[in-house]
There are 4 protein chains.
Amino acid sequence: MCAIVGIYGNDNAARLASIALFAMQHRGQEATGISSSNNGKIHTIKNRGLVSEVFDDDALRVLKGNMAIGHNRYSTAGGDSILDAQPVFAKYKLGEMSIVHNGNLINKDEVREELTNNGAIFQTGMDTENLIHLIAKSSKDRLRDRIKEALNKTIGAYCFIVQSRSKQFVIRDRYGIRPLSLGKIKSGGYIIASETCAFDLVDAEFIRDVRPGEMLVFAEGHDEPESIQLFEPEFRPCAFEYVYFARPDSEIDGKNVYKTRENMGRTLAKNDLNRDFKVDMVVPVPDSGVPAALGYAEESKIPFKYGIIRNHYVGRTFIEPTQEMRNLKVRMKLSPMNSLIKGKSLLVIDDSIVRGTTSKRIVKMLKDAGAKEVHFRVASPEIKFPCYYGIDTPNQEELISHKMTKDEICEYIQADSLEYLSIEDLKNSIGADRNYALESFDGDYFVTK
Amino acid sequence: MCAIVGIYGNDNAARLASIALFAMQHRGQEATGISSSNNGKIHTIKNRGLVSEVFDDDALRVLKGNMAIGHNRYSTAGGDSILDAQPVFAKYKLGEMSIVHNGNLINKDEVREELTNNGAIFQTGMDTENLIHLIAKSSKDRLRDRIKEALNKTIGAYCFIVQSRSKQFVIRDRYGIRPLSLGKIKSGGYIIASETCAFDLVDAEFIRDVRPGEMLVFAEGHDEPESIQLFEPEFRPCAFEYVYFARPDSEIDGKNVYKTRENMGRTLAKNDLNRDFKVDMVVPVPDSGVPAALGYAEESKIPFKYGIIRNHYVGRTFIEPTQEMRNLKVRMKLSPMNSLIKGKSLLVIDDSIVRGTTSKRIVKMLKDAGAKEVHFRVASPEIKFPCYYGIDTPNQEELISHKMTKDEICEYIQADSLEYLSIEDLKNSIGADRNYALESFDGDYFVTK
Amino acid sequence: MCAIVGIYGNDNAARLASIALFAMQHRGQEATGISSSNNGKIHTIKNRGLVSEVFDDDALRVLKGNMAIGHNRYSTAGGDSILDAQPVFAKYKLGEMSIVHNGNLINKDEVREELTNNGAIFQTGMDTENLIHLIAKSSKDRLRDRIKEALNKTIGAYCFIVQSRSKQFVIRDRYGIRPLSLGKIKSGGYIIASETCAFDLVDAEFIRDVRPGEMLVFAEGHDEPESIQLFEPEFRPCAFEYVYFARPDSEIDGKNVYKTRENMGRTLAKNDLNRDFKVDMVVPVPDSGVPAALGYAEESKIPFKYGIIRNHYVGRTFIEPTQEMRNLKVRMKLSPMNSLIKGKSLLVIDDSIVRGTTSKRIVKMLKDAGAKEVHFRVASPEIKFPCYYGIDTPNQEELISHKMTKDEICEYIQADSLEYLSIEDLKNSIGADRNYALESFDGDYFVTK
Amino acid sequence: MCAIVGIYGNDNAARLASIALFAMQHRGQEATGISSSNNGKIHTIKNRGLVSEVFDDDALRVLKGNMAIGHNRYSTAGGDSILDAQPVFAKYKLGEMSIVHNGNLINKDEVREELTNNGAIFQTGMDTENLIHLIAKSSKDRLRDRIKEALNKTIGAYCFIVQSRSKQFVIRDRYGIRPLSLGKIKSGGYIIASETCAFDLVDAEFIRDVRPGEMLVFAEGHDEPESIQLFEPEFRPCAFEYVYFARPDSEIDGKNVYKTRENMGRTLAKNDLNRDFKVDMVVPVPDSGVPAALGYAEESKIPFKYGIIRNHYVGRTFIEPTQEMRNLKVRMKLSPMNSLIKGKSLLVIDDSIVRGTTSKRIVKMLKDAGAKEVHFRVASPEIKFPCYYGIDTPNQEELISHKMTKDEICEYIQADSLEYLSIEDLKNSIGADRNYALESFDGDYFVTK
C-alpha cells in the first residue's frame, strides 16, 4: 500500500502532485506529504490527515518549483509519529534530497544494524530512512551512482522517487512487485504515479509502466527521461493489487483492474456450476466485492442485487490501525437491505477473507435481516501467509486461513457454503501470460535476503 | 431534505440520536445538532460539520437525559450562520422547548409578517422559528393544545418534533409529504426518524410510519405513544425521496426505495424496446443511478458495467452550496473507466437532470475517454418546477427542463439520445396505489396558502 | 464588565471595531462579536475566544459596511452557549437590528415574565434579548421612538448601542453607571467605546463622555451625532471601574484611572502614618495593585519592590468561570520573588478582597518564601454586597466581608495587619465632586424597580 | 534563548516538565516538546505553539514514565518546520536517546561538513542534530563516554540534557554561558532547568547551579546525581540573561536577576547626577524596563510612573519572527498614558536598543501624546556585535549601534538625550566578582573554533 507520485517539469508541480495524491487516497489515509524543488531549495510539507485536509492554498504557495514528489501513507504498525510521514528529507554531502517510497524492504533490520554499528542514527521507524542513509554513505560522486550503490544493498519490493535540487530519480524493483507508471502531462512535463487513475485528474496521458529494475532520470536539458536498466528484470507483479488494493479504473502493467476482478467473479461462477445449491441473488460486499459479483452474476445469470449498503461517511476497514476501531466501523459502515434479502438465499461475494471477523459479522447481519441462506464466495485464494512485500497484513497467527481449513472457516463465519478461488484460478483471471507475486497465498517468498 | 430524529425513554438518548443522525448523514451535511432533556433542563449542542465531527464523547457527556431530538441540515440559501443550525431552543411561558423540523413552510413569510407586526423578533432565517413563536403565542394552557393551534396557522410540508422538559410531540403534515417513521429500540424506548435506515444502527425495530396529519405524544407513564389525529389525511408522499434523496435501504411509507429505483430502470428499458439503437453496456452515474441501471440491465439483458468510478473522498454534488465548488468537485469525484468504455456504445443512467451542467460534463468525459456513443437515460421525469416542499432545488430559471425541450437538452449535453421517465411511469414505478407529490415534474402545487 | 464599541461612518468600520475590542480585551475574554451594516444588510460574526482569535482577515471581509458595533463578553453565570455571545441580531417589523449591551437590567425577570406571558420566546439567557423584544413590540413607527418606549420599561445599569440598517443609537442610563465615551476618528467617522483606551489604537480623538440619560443618534446626512436627552440625569458612575476594572490609561468621565488608583494608595499610606509597624518594602499584587502601591510608596517613602511576579501566559483570575480553574491559575500566575522578600517585612497592596481565598494564598506564598511579616492593604473598602449593576461579583454568602469582620479576615488570610480604604477615602481618591455607585461597599442599591 | 528542563525520578515526570516549561515560556514561544522514558521506551510529543496549547491531559497520558526532558523553542532563522522542534529523538547502536539543547554551537558547520563527508544525513536545521550524530558515531561502549567524546568535538555555548531509556546526562559548557540549575522536588526526584523560576511551580528546592564543564548523571540506584567534571571551567556567564532575557525572579549563578536590573538603573541614575536636565518622572518601557526604572527612581528620587501601558494579549516583540509582524505588534502592545505624560518631561528606561525601530516608535508615541521631553536611558551598553552564543540577535548590519554613534542614534530616535550603561557599569551592576560573556557589547568572542 501507500501511494507515490512525482511531477517533473511543470510550474504547478506541487498542485498536480496533490491532485494525483487525492486520486490515490484509497492507498493510504493516515498521512500525506509533498516536497517541491525550487531554485535549488527543497520545501516539504507533510502531516497526518487526508490530502484535502493537508494541502490547501497556503500549503501549495509554500511548495514552489517545477518538480515535486508526494506520498500517501496508510496506517503503521504503531508509528504514531508525525515524523513517520513521507517524503523523508535530508541534507547530505552533495546537498539536499527528498525521498518517497512505496513498498517494503525485507533486509531493513540488517541494514539498520550495520548502519547504526557504524554510527548512523535513525529518527523514524520507516525503512525509507535506510535508503537515504545508504545514499549518503556512498563514496560515489554522482547521485545516480550513489543510488545504484544503495540499491545494491537494498532487498525488497519497492518503488522509490529520489528528488534532488534539480533532478528526479525513479526506481522500480527488479520484480516490479509494486506498480508504477509514467505519463505525459498535457500542460507540460511528466508524471510518475503508483496508479494510472491519477493521470486523468492531472490531464496526463499514459505512456508506459516503469520497467522492473529500471531507473528513470529526469533532468534539465533532456526532453525525455533517461532510462537506465539497473537490474536484470524478473517480473512478478503483486496479485493483491488486482484482488483488492488498486482502484478499478487503474491499468496495472497493461491489465485493467476492474476486468480482472470481473474475471475472478466469472471463474467463481464457473466453479459453482456443478455445485448443488440455489440462490436468489448475487450480493457484493461493497465496494471492493462489486466487480467480482458483477462477473459472477453475468456468468451465472443470477440477478445482481445491492443487498448491502455502504455508508461512505466512514473510512475503509482494511486500513484502520486498531482492532477496536475496526469493530465499531464495520457496524457503522455496512447496512443490510432488509426488504431485498428477507427470506432469500444469497450468494455473497467479498474480495478476500483476512481474519474472518468481518465476514462473520456480515453473515450474521444478513441472517439477522432475514436471509434464508448465505453462500459466501471469495474472489481470491486463502490468505495463509503474511505479505512482506508492502501490503499491510496482520501476523500469521491472525490469518484465519492459517489456523482453519475452508470447512472450519465456513462454520466459523456461519455461512451455508464457502468457496475461494484457487491460486491457478487467480492467475488465469489476471492473465496467464506472466508470473505473479502470490506469497500471501502460496508462501513463496521469492525475494530473499 | 434534512433529517430529524427523536429518541424517547432511553438513558443513552443523545448517543442513539447521534448514531441515527450519522446513518442519515446523506440528508444534510452542513450542520447538525441535538437537544436532550434531563431533570427538567434542556441541553443543546449544535454546530457546522458532520455528525462524526460535532458529536464526540465530550459533547455526549453534556447531553444527559433519557430523551433527545436531533437534526442534520443541508446547505442553505445563504444562511451561513451557526444560528441557522437546529434544534431551535426557546424559553417561553410554560418553560423550555426545543424543536427540529424537516420540510418547508410555504406561508412562512405571511406568518412572519403577522408575527413581526405584533412585535415578534426573529433571530434566524429558519421557518422553524415560526412554529416556536406560534406555540409561544398561543393562549392555551397545555403544550399539546398550543402546538395544535400553531399548526392550524402553518401551511407546508413538514415533520416536527417538539421536545419539552418531559415530553416529545411528533407531527407529520396531513399530506405525509416528508417521510417519518416510528421504531422501538431493543434497549428501551422509541425512535422517530426521517428514514428507517437509522433504525438498524440503534438496534430498533420498525413499527409503522407516522400517519399523515398525526401527532404522537411521548410522555412519562405511558408505555406507548399516544396518537392524536390532528388533520384529515390527504396522503401525497414526495416522489423525489424515491428518485433521489432517500437511502436505498430505507422503507418509505411501506415501499423499499431500492426496489422503486430498480422499477424506474426497468421501465426505462421497456420504453427503449422499440427504439432503434444498440449499446454495449449499461453504465450508472454512481451512486444514485446504480439501482435504476441494474433494473435497466436486468430488463434489457444488456451487461451492467461500472464505467464511471466515484471517488468517495469528496462530498455529494447535489447539496454543495455554490456553483463554483460544484464544478471543481464534479471533476474530482467521477472518473471514467477508460479501458471498459473505449470504442463502446454506452447507455448511461442518472437519477435526474437538474441544471444539465453535470450531465453535460459526464457525457464529455465519457466521449473524451473514447466512448463511441452515449445514450442518456434519466430515471425520473423532466424537472420543470422548483420544489417548495422541502427539496432544495434551484430557481426555475436554472432548471434546464424549464428552458429547453428534451431534444434541445439532448443536444446541449451532447448525448446521442436522451429519454426520461414519464410522470405516469414514475408513479407506476413507485406504486400506483396512491397519489404522490410531483410538483417538480407537473407543477401541481397542491399545498396552497 | 463587558466592553462595547460602535464605529459609524468609516469604510473600515469592522476592522476598527475589532481593534477597539482588542484594546478592551481586559473587560471580557469569553466571547466576542461584531455586526456591520452594509447596503441595508446586517452581517454578524460572533464566537467564543479572544478578539485576535475570532477576527481574522476572512471574518473582516464578511463584515462589510461603513458602520459596525462590537462586544467583548466576560464569563457568564453558566451560560456556556455560543448563543450567549453578542451582538444580538433580530429581524422585526421595521427590518433588521443588532444590539450590544454592557450592564445589567435589574427588572429583567419581570420583563421576561410579562413578555413570555404575552407569547414572546427567549433563545438566550442574556438580558439584552429583553430590550430587543421591547423595541420590536413597541407600536411606534420610528426606531428611535421604539427604543425610548423600550427604555421606559428598562431598569438597570446599561449602555446600549442599537444598530439598524442605516443608523446607530447609543444610550447610557440616567445614572451613567457604566462608562461610555465618544471619539472622532481621524480617518473619518465616529467611535463610541466603553473605555477611552480604545481610541488611541484606532487613531481617534476623545470628544466627550456620553451623558447620563443621553441618546446619541448617528445617521446619514448628519455631520455630527444628534443628541437627545431621554432621561433626567442623576449621575452616579461606578466606583469599581476606578478600583479594579478599567485599564489604567483610560479616562472615565473626566478622571484618569491610574491617578485615582495612585490616590487610593496615597490615602492608605496616610492612614498608616500613625500605626506602629515597620516594613521594608511596598509590594503590589500585580497588575491591578501596582498604581496604588506606587502611590503608597511615594507617600510613605518606603521602597517599592516587585516582590511578586506575574506570568502573563495565563488569563485574569477575576473573570474565570469556575472556582476550580481559579485555584489552579492563581498558582500558575503569581510567583514570589524569593531573594527580595526573604527575611523582609512587606506591605502588600491589592485592589480588593472578594472571597479572600486569593489573598490567603498570596500571604501564604510570601511567608513560605521567607517573608518575616506581611501587612496587607486593600485599595478599596470592604465588599459586603453583591453588585447588580454590571460587575460580576459572587453571591453575598461568598463575600468574605459579609461573613467576617476586618480582624477575622486578617486572621483568616494570616496577615500581620490588614487595612482597607474607608468609603469616604475611596470617594475622595476618585474625586469628591460627585456621587458614585458604591453598592458593593455600602449596599445602597439606588437603582430600584 | 530557549528553555530546557529535565525531571528525573518522579512518576509525574512529564507533567512536572510541562509545568516547568510553562514557567519558562518567556524563553521561547514558537514550539515546545517533551520526551519521557518509560520501561525502556522513549515517547515524544512536540509541536508548534505554547506549552498550554501543546500539553493537555491526552498528551500527558502518552508521556508515561518517571523521567522526562523538555524544551521551549524561540523563533528560528527561517526554520518553519515542525521538525525543528525539540527534543530530538534517535535510535542508534545502543538503543534510543532523546536530546534537548539550549545554546549555540559555533563549529556547527564544520562538524556538519565532516559528518556529511562521512555519509551522515541531517533531517533538520538544528545544531542539536550534530551532537546526536557525534554520540552515535563514537566507538565507546558506554553512553557517558560517547557523550564525552562528542563534546570534545563540540565548541560553543550549550546546555544539553541527553536522555536514554534509563538515564539522564546533563551538561553545561565549560564557560557556563547559558544558565542551568539543579533542584530537588519535594514529591520525589530531581529537576534540572534553565531558570530557577521553574522550581517554585513544581515545588522544588534549589540545590545549586550546574557547574561550568560539569556533567551530571542521573541513574537508578543512585540517590544523588553523579558529578563528573568534564572540562576545566572558565566561568563567563552571559550578561544578556541579566539584562533582558531571564525572568526577574530567577537566580542565575547566585545572582537575583531583578536586583541586578535595579542596580543597572541605579547606575544610570548616578551617571546622570551631573548632567544638566530636569525630568518630571521615570517611565519604564514595560515589562523588561521596569526593575531598572525602579532602581533609577529610587536613586534619583524622581517619581516612578507607569507612563506606558502594556497590553498583555499580544506576545513579546523581541522574539517574533518577521519584521512586519513586529511593527504591527508594537503598535498594539504599548499605549501611552496620555493624562500622566502630557506636558511632562520623561526619563524613559528600556533594557536595550537593538535595531532602534522600537525605541523610535516609543519616543514618537510619547511625544504625540504630549510629552515635553523624552530622555532615553538604556540599561545596557551599546549592542555592536551579534551574539553567537545562543541569543537570537539580528545581523550586524541591522544593529543600530554598529551603524551609528550614540549621538546619531539619539537624533534618529528623536530623543532629547540618550545614555547607555558602560560595559564596566554593566559588570559592576551584575557583580564585579567574575567575568561575563559580553560579546554583543565588546566583540570579545572568547569561544573560538
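From a predicted model like this one, the values you see are computed outputs, not experimental measurements.

Basis of the calculations
- Residues numbered from 1 in each chain as written.
- Chains lettered and ligands numbered in written order.
- Predicted model: local features only at pLDDT ≥ 70, side-chain atom pairs only at ≥ 80, totals over all residues.
- Heavy atoms only, no water.
- Axes fitted to C-alpha atoms, helices over the stretch in contact; angles between N-to-C directions.
- Helix = DSSP H or I, 4+ residues; strand = E, 2+ residues; numbered from the N terminus.
- Parallel < 35°, antiparallel > 145°, perpendicular 65-115°, else oblique.
- Left-handed = near helix turned anticlockwise from the far one by under 90°.
- Contact = heavy atoms within 4.5 Å.
- Least-squares fit on C-alpha atoms with pLDDT ≥ 70 in both.
- Buried < 20%, exposed > 50% of the residue type's maximum accessible area, 1.4 Å probe, protein only.
- Salt bridge = Lys/Arg side-chain N within 4 Å of Asp/Glu carboxyl O.
- UniProt positions renumbered as here; feature names shortened; annotations may be inferred.
- Polar contact = N/O pair within 3.5 Å; in protein donor to acceptor, adjacent residues only side chain to side chain.
- Pairing = 2+ DSSP bridges.
- Buried area = accessible area lost by both parts, 1.4 Å probe.
- Nonpolar A, V, L, I, M, F, W, Y, C, P; charged D, E, K, R; others polar.
- Arc of directions from axis to C-beta.
- Domains from an automatic or database assignment.

**Considering the packing of helix H4 (residues 108–117) of chain A against helix H5 (residues 128–137) of chain A**
All names here are of chain A.
- Put simply, H4 and H5 touch, their axes get as near as 10 Å, and they point 45° apart. Here H4 is positioned oblique relative to H5, judged by the angle of their axes. Crossing angle aside, the handedness with which H4 passes H5 is left-handed. Mapping the contact onto sequence places Lys 108, Val 111, Arg 112 and Leu 115 in H4 and Glu 129, Asn 130, His 133, Leu 134 and Lys 137 in H5.

**Brief notes about the relation of the copies chain C and chain D**
- Once turned by 180° and shifted 0.1 Å along the axis, chain C lies on chain D with an RMSD of 0.1 Å. The two molecules are tied by a two-fold rotation axis, judged by turn and shift. Across chain C, the rotation axis passes nearest the C-alpha of His 312 of chain C, at a separation of 3.3 Å.
- Of the residues that chain C buries at the interface, 100% are likewise interface residues in chain D, meaning the two copies contact each other through the same surface.

**A look at the environment of Arg 211 of chain B**
Residues and elements named next belong to chain B.
- If you trace the backbone, Arg 211 turns up in the loop between strand S11 (204–209) and strand S12 (214–218).
- With a relative accessible area of 39%, Arg 211 lands in the partly exposed category.
- Placed 147 residues apart in sequence, Arg 211 and Lys 64 show a C-alpha to C-alpha distance of 30 Å.
- With near-sequence residues (within four places) excluded, Arg 211 lies in contact with Arg 172, Ser 227 and Gln 229.

**Section: the pattern of salt bridges**
- Summed over the entire model, instances satisfying the criterion amount to 127 salt bridges over all chains.
- Of the charged contacts, one joins Asp 272 of chain A and Arg 275 of chain A as a salt bridge, the two residues approaching to 2.4 Å between their closest N and O atoms.
- Residues Glu 241 of chain C and Arg 27 of chain C are paired through a salt bridge, measuring 2.8 Å at the closest nitrogen-oxygen approach. Taken together, the residues Glu 241 of chain C in helix H8 (residues 239–245) and Arg 27 of chain C in the loop between helix H1 (13–23) and strand S2 (31–38) connect sequence positions 214 residues apart. There is no split in this pair, since Glu 241 of chain C and Arg 27 of chain C are both buried.
- Salt bridges sharing partners connect three or more residues here, namely Asp 272, Arg 275, Arg 377, Lys 406 and Glu 419 of chain A.

**Side note on the UniProt feature "binding site: Mg(2+)" (unreviewed entry) in chain A**
Residue and element names in this part refer to chain A.
- What UniProt calls "binding site: Mg(2+)" (unreviewed entry) maps, in this numbering, to Ser 288, Asp 350 and Asp 351. In terms of the greatest pairwise C-alpha distance, the residues named above, spread along 64 residues, form a tight cluster of at most 7.1 Å across.
- Following the sequence through the fold, Asp 350 ends up in strand S19 (residues 345–350).
- Those residues in contact with Asp 350, other than ones at most four positions away along the chain, are Val 285, Ser 288, Phe 376, Arg 377, Val 378 and Ala 379.
- Mapped onto the elements of the fold, Asp 351 is located in the loop between S19 and helix H13 (357–368).
- Residue contacts for Asp 351: discarding those within four places in its chain leaves Val 243, Tyr 244, Ser 288, Gly 289, Val 378, Ala 379 and Ser 380.
- At 2.3 Å, the side chain of Asp 351 forms a polar contact with the side chain of Ser 288.

**As for the pairing of strand S3 (residues 41–48) of chain A**
All names here are of chain A.
- Relative to S3, strand S2 (residues 31–38) is paired through eight bridges, and the arrangement is antiparallel. In the strand pairing of S3, Ile 34 is matched with Ile 45.
- Here S2 folds back onto S3, and the loop between the two strands holds two residues, one of which, Asn 39, carries a positive phi near 50°.

**Topic: the interface of chain C and chain D**
- Contact with chain C, which involves 41 residues of that partner, is made by 42 residues of chain D.
- Summed over both sides, the interface between chain C and chain D buries roughly 3,500 Å², with carbon and sulfur atoms accounting for 58% of that surface.
- For Glu 262 of chain C, the salt bridge goes to Lys 305 of chain D, with nearest N and O atoms at 2.7 Å.
- Mapped by element, the contributors of at least two residues to the side of chain C that touches chain D are H1, helix H7 (197–201), helix H9 (257–272), helix H10 (290–300), helix H11 (323–333), strand S18 (334–336) and helix H12 (338–341) of chain C.
- Residue composition of the side of chain C that touches chain D, grouped by class: 19 nonpolar, nine polar and 13 charged.

**Considerations on the packing of helix H5 (residues 128–137) of chain D against helix H6 (residues 143–152) of chain D**
Residue and element names in this part refer to chain D.
- As a packed pair, H5 and H6 sit with axes 8 Å apart at the nearest point and diverge in direction by 125°. One finds that H5 runs oblique with respect to H6. Crossing geometry of H5 relative to H6 is assigned as right-handed. Note on element contacts: H6 touches H5 through Leu 143, Arg 146, Ile 147, Ala 150 and Leu 151, opposite Leu 131, Leu 134, Ile 135, Ala 136 and Lys 137.
- Looking at the contact of H5 with H6, its residues break down into eight nonpolar, no polar and two charged.

**Describing helix H16 (residues 423–430) of chain A**
Residue and element names in this part refer to chain A.
- All of the buried residues in H16 are Asp 425, Leu 426, Ser 429 and Ile 430. One side of H16 carries all its buried residues, which in axial view fall inside an arc of 125°.
- Positioned one or two residues after H16, Gly 431 has a phi angle of 145°, which is positive.

**A look at unusual backbone geometry**
Residues and elements named next belong to chain D.
- Backbone torsion omega between Gln 86 and Pro 87 reads 0°, so that peptide bond is classified as cis.
- As for its placement among the helices and strands, Pro 87 is situated in the loop between strand S4 (67–73) and strand S5 (88–92).
- The omega angle of the peptide bond from Pro 286 to Asp 287 is -5°, so this bond is cis rather than trans.
- Structurally, Asp 287 is set in the loop between strand S16 (281–284) and helix H10 (290–300).
- A positive phi angle is found at Lys 301, which is not glycine, with a value near 65°.
- Position of Lys 301 among the secondary structure elements: in the loop between H10 and strand S17 (308–310).

**What to know about the domain arrangement of chain A**
- For chain A, the assigned domains are domain 1 (3–235) and domain 2 (256–442).
- Placing the centre of domain 1 of chain A and that of domain 2 of chain A at their C-alpha centroids yields a distance of 33 Å.

**A closer look at the side chain of Gln 163 of chain C**
Residue and element names in this part refer to chain C.
- Along the chain, Gln 163 turns up in strand S7 (residues 156–163).
- Classification of Gln 163 as buried rests on a relative accessible area of 0%.
- Only 3.2 Å separates the side chain of Gln 163 from the backbone oxygen of Ser 35, close enough to count as a polar contact.
- At a separation of 3.3 Å, a polar atom in the side chain of Gln 163 contacts the main-chain amide nitrogen of Ala 68.
- The residues touching Gln 163, leaving out its near neighbours within four places in the chain, are Ser 35, Ser 36, Ser 37, Ile 42, Met 67, Ala 68, Ile 69, Glu 96, Met 97, Ser 98 and Gln 168.

**Considerations on the interface of chain A and chain B**
- Contacts between the two partners involve 41 residues from chain A and, on the opposite side, 42 residues from chain B.
- At the boundary of chain A with chain B, total buried surface from both sides reaches about 3,500 Å², with 58% on carbon and sulfur atoms.
- Summed over the three residues of chain A that lose the most area to chain B, namely Phe 22, Tyr 258 and Tyr 313 of chain A, the buried surface amounts to 19% of that side.
- Applying the counting criterion to the chain A and chain B interface returns four salt bridges.
- Along the contact surface separating chain A from chain B lie 16 residue pairs in polar contact (both at pLDDT 80 or more).
- Elements with a minimum of two residues in the side of chain A that touches chain B: helix H1 (13–23), helix H7 (197–201), helix H9 (257–272), helix H10 (290–300), helix H11 (323–333), strand S18 (334–336) and helix H12 (338–341) of chain A.
- Residues belonging to the side of chain A that touches chain B are distributed by class as follows: 19 nonpolar, nine polar and 13 charged.

**Considerations on the pairing of S12 of chain B**
Residue and element names in this part refer to chain B.
- The buried fraction of S12 is high, at five of five residues.
- Burial of the side chains of S12 extends over both faces: Glu 214, Leu 216 and Phe 218 are buried on one face and Met 215 and Val 217 on the other.
- Where strand S8 (residues 168–172) lies against S12, four bridges are found, and the strand directions are antiparallel. Considered in S12, the bridge of Phe 169 is made with Val 217.
- Where S12 meets strand S13 (residues 226–229), four bridges bridge the pair, whose relative direction is antiparallel. From the neighbouring strand, Met 215 faces S13, where its bridge partner is Ile 228.

**Looking at the sheet that holds strand S19 (residues 345–350) of chain C**
All names here are of chain C.
- With parallel pairing, four strands are arranged side by side in an open sheet as S16-S19-S20-S21. Every interior strand has two partners, whereas the edge strands, strand S16 (281–284) and strand S21 (417–420), have only one. Taking the axes of each pair of neighbouring strands and ignoring which way they run, one obtains an average angle of 25° across the sheet.
- Bridging between S16 and S19 involves four bridges; their strand directions are parallel. Looking at S19, one finds that Pro 284 is bridged to Ile 349.
- This element, H10, spans S16, S19 and strand S20 (373–378) of the sheet and lies at about 165° to S16.

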